[in-house]
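# What the coordinates show
Chain by chain, the residues:
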Amino acid sequence: MDWASHISQINWLAVALAFVLSMAIGFVWYLPAVLGKRWMAAIGKTEEDLKNISGGAGIWVPMMVTAALTAVLLAVLISKLGLDNAAAGGLFALVLGLVFRAGGHVTHNGFAGRPTTVTLIDSGHDLLAMTVAGAIIGAMS
């Protein structure tokens, strides 16, 4: 695949919207009033523990880069496959999310001995964020 030609054809507005909505979904998903309290309990942390984590940008920048790269890769693949509507883009992203993101959580959290709740909450977030990103990119293709 000629990556350069596909990257040059990306709808960057769609990628930006997919990225922003992915961040917004994560923000809402992990709010204490939504799933944040259950997630914190499952990982054995409190809000205070998480507020006191050192690392600053070292925590946020890699997550944002990963979300941006996910949106770019989705845009390239959705374009290459000719998926030109929200349903097709969203379904494709959902399948990718199930295999690669949720599958990764199941594997890594299983071996780490983390509670199933962590896997379900993190996988649910990734599946929703990727499906929405894929739907946006597909609709704007």
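Sequence positions are assigned chain by chain, starting from 1 and proceeding in written order. In view of the model being predicted, local features appear only for residues whose pLDDT reaches at least 70, and side-chain atom pairs are presented and counted only at 80 or more, with totals across whole chains, interfaces and linings using the full set of residues. The basis for every side-chain value is the complete set of heavy atoms in the structure, and neither hydrogens nor water enter the calculation.

## Regarding the overall build of the protein chain
Rule in force here: Strands here are runs of E lasting at least two residues and helices are runs of H or I lasting at least four, both read from the DSSP assignment and numbered beginning at the N terminus. To sort residues, take the accessible area from a 1.4 Å probe on protein chains only and compare it with the maximum for the residue type: under 20% means buried, over 50% means exposed, and anything in between is partly exposed. Contacts are residue-level and defined by heavy atoms, with any inter-residue pair within 4.5 Å sufficient. For the area figures, the Shrake-Rupley method with a 1.4 Å probe applies, and any residue is considered shielded solely by the protein chains shown. A positive count includes Lys and Arg, and a negative count includes Asp and Glu. His and the chain ends are not counted in either. By convention, the point assigned to a charge is CZ for Arg, NZ for Lys, CD for Glu and CG for Asp.
Regarding its fold elements, the protein chain presents 7 helices and 0 strands. Listed by position from the N terminus, the elements making up the protein chain come as α-α-α-α-α-α-α. Its C-alpha atoms give the protein chain principal-axis dimensions of roughly 45 × 30 × 25 Å. Counting only residues that meet the buried cut, the protein chain has 33% of its 141 residues in that class. A separation threshold of at least 6 residues defines the contact pool for the protein chain, and within that pool the share at least 24 residues apart is 76%. Counting only carbon and sulfur atoms, one obtains 70% of the accessible surface of the protein chain, whose full area is about 8,200 Å². Within the protein chain, the 7 negative side-chain charges are centred at a point lying 5 Å from the centre of the 7 positive side-chain charges.

## As for the side chain of Asp126
Structurally, Asp126 is set in helix α7 (residues 116-139). Look at Asp126 and you get buried, because its relative accessible area is 7%. When sequence neighbours within four positions are dropped, the list of residues in contact with Asp126 reads Arg101 and His105.

## Some details on the nonpolar core
Just so we agree on the cut-off: The term nonpolar core refers to a set of buried residues drawn from Ala, Val, Leu, Ile, Met, Phe, Trp, Tyr and Cys, joined through side-chain atoms within 4.5 Å.
Ile10, Val15, Leu74, Ile78, Phe92, Leu96 and Ile137 are the most contacted members of the largest nonpolar core, which totals 18 residues. Secondary-structure elements contributing two or more residues to this core are α2 (12-29), α5 (57-80), α6 (86-112) and α7. Apart from residues no more than four positions distant in its own chain, Phe92 is found in contact with Leu74, Leu77, Ile78, Leu81 and Leu83.

## Overview of a nonpolar patch on the surface
Spelled out, the test is: The patches reported here contain residues having more than 30% relative accessible area and no salt bridge. Joining distances are 9 Å for like charges and 5 Å for nonpolar side chains (Val, Leu, Ile, Met, Phe, Trp, Tyr). Basic side-chain nitrogens of Lys or Arg form a salt bridge, by our definition, when they fall within 4 Å of a carboxyl oxygen of Asp or Glu.
A cluster of nonpolar side chains, namely Ile53, Ile59, Trp60, Met63 and Met64, defines an oily patch on the protein surface of about 480 Å² accessible area. Residue position: Ile59 is located in helix α5. Residue class for Ile59 comes out partly exposed when judged on its relative accessible area of 42%.

## Some remarks on the packing of α5 against α7
Where we set the bar: For helices, the fitted axis covers only the stretch in contact; all axes are lines through C-alpha atoms, and the angles between them, taken along N-to-C directions, range from 0 to 180 degrees. Orientation is classified from the angle alone, with under 35 degrees giving roughly parallel, over 145 giving roughly antiparallel, 65 to 115 giving roughly perpendicular, and any other angle giving oblique. For any helix crossing, the convention is left-handed if the near helix is rotated counterclockwise from the far helix by under a right angle, and right-handed if that rotation is clockwise. Under the convention adopted here, Pro, Cys and the residues Ala, Val, Leu, Ile, Met, Phe, Trp and Tyr are nonpolar, Asp, Glu, Lys and Arg are charged, and Gly plus all remaining residues are polar.
One way to put it is that α5 packs onto α7 with a least axis distance of 10 Å and a crossing angle of 45°. The angle between α5 and α7 falls in the class oblique. Once α5 is placed against α7, the crossing between them reads as right-handed. From α5, Thr70, Ala71, Leu74, Ala75 and Ile78 reach across to α7, where they touch Met130, Ala133, Gly134, Ile137 and Gly138. Its residues placed into classes, the contact of α5 with α7 shows 7 nonpolar, 3 polar and no charged.

## So, helix α3 (residues 32-43)
Applied cut-off: An expected span of 1.5 Å times one less than the residue number is assigned to each helix. Throughout, the arc means that of the directions going from the helix axis to the C-beta atoms.
Relative to the 16 Å expected for 12 residues at 1.5 Å per residue, α3 spans just 14 Å between its end C-alpha atoms, considerably shorter than the ideal helical length. When α3 is considered as a whole, its buried residues turn out to be Leu35, Gly36, Met40 and Ala42. Each buried residue of α3 lies within a common arc of 160° when the element is viewed along its axis, so the set occupies one face. Of the residues in α3, the exposed ones pointing more than 90 degrees away from the buried face are Ala33, Lys37, Arg38 and Ala41. Backbone geometry just downstream of α3 places Gly44 in the positive-phi region, at approximately 75°.

## Let's talk about the packing of aromatic side chains
To keep it simple, the criterion reads: In this analysis, rings of Phe, Tyr and Trp, with Trp reduced to its six-membered ring, are considered paired at centre separations within 6.5 Å, and the interplanar angle assigns stacked below 30 degrees, edge-to-face beyond 60, and tilted for intermediate values.
All told, the structure shown has 1 aromatic pair when counted by the stated rule. Arranged with centres 5.3 Å apart and planes meeting at 70°, the rings of Tyr30 and Trp39 form a pair that is edge-to-face. Tyr30 gets classed as partly exposed once you look at its relative accessible area, which sits at 25%.

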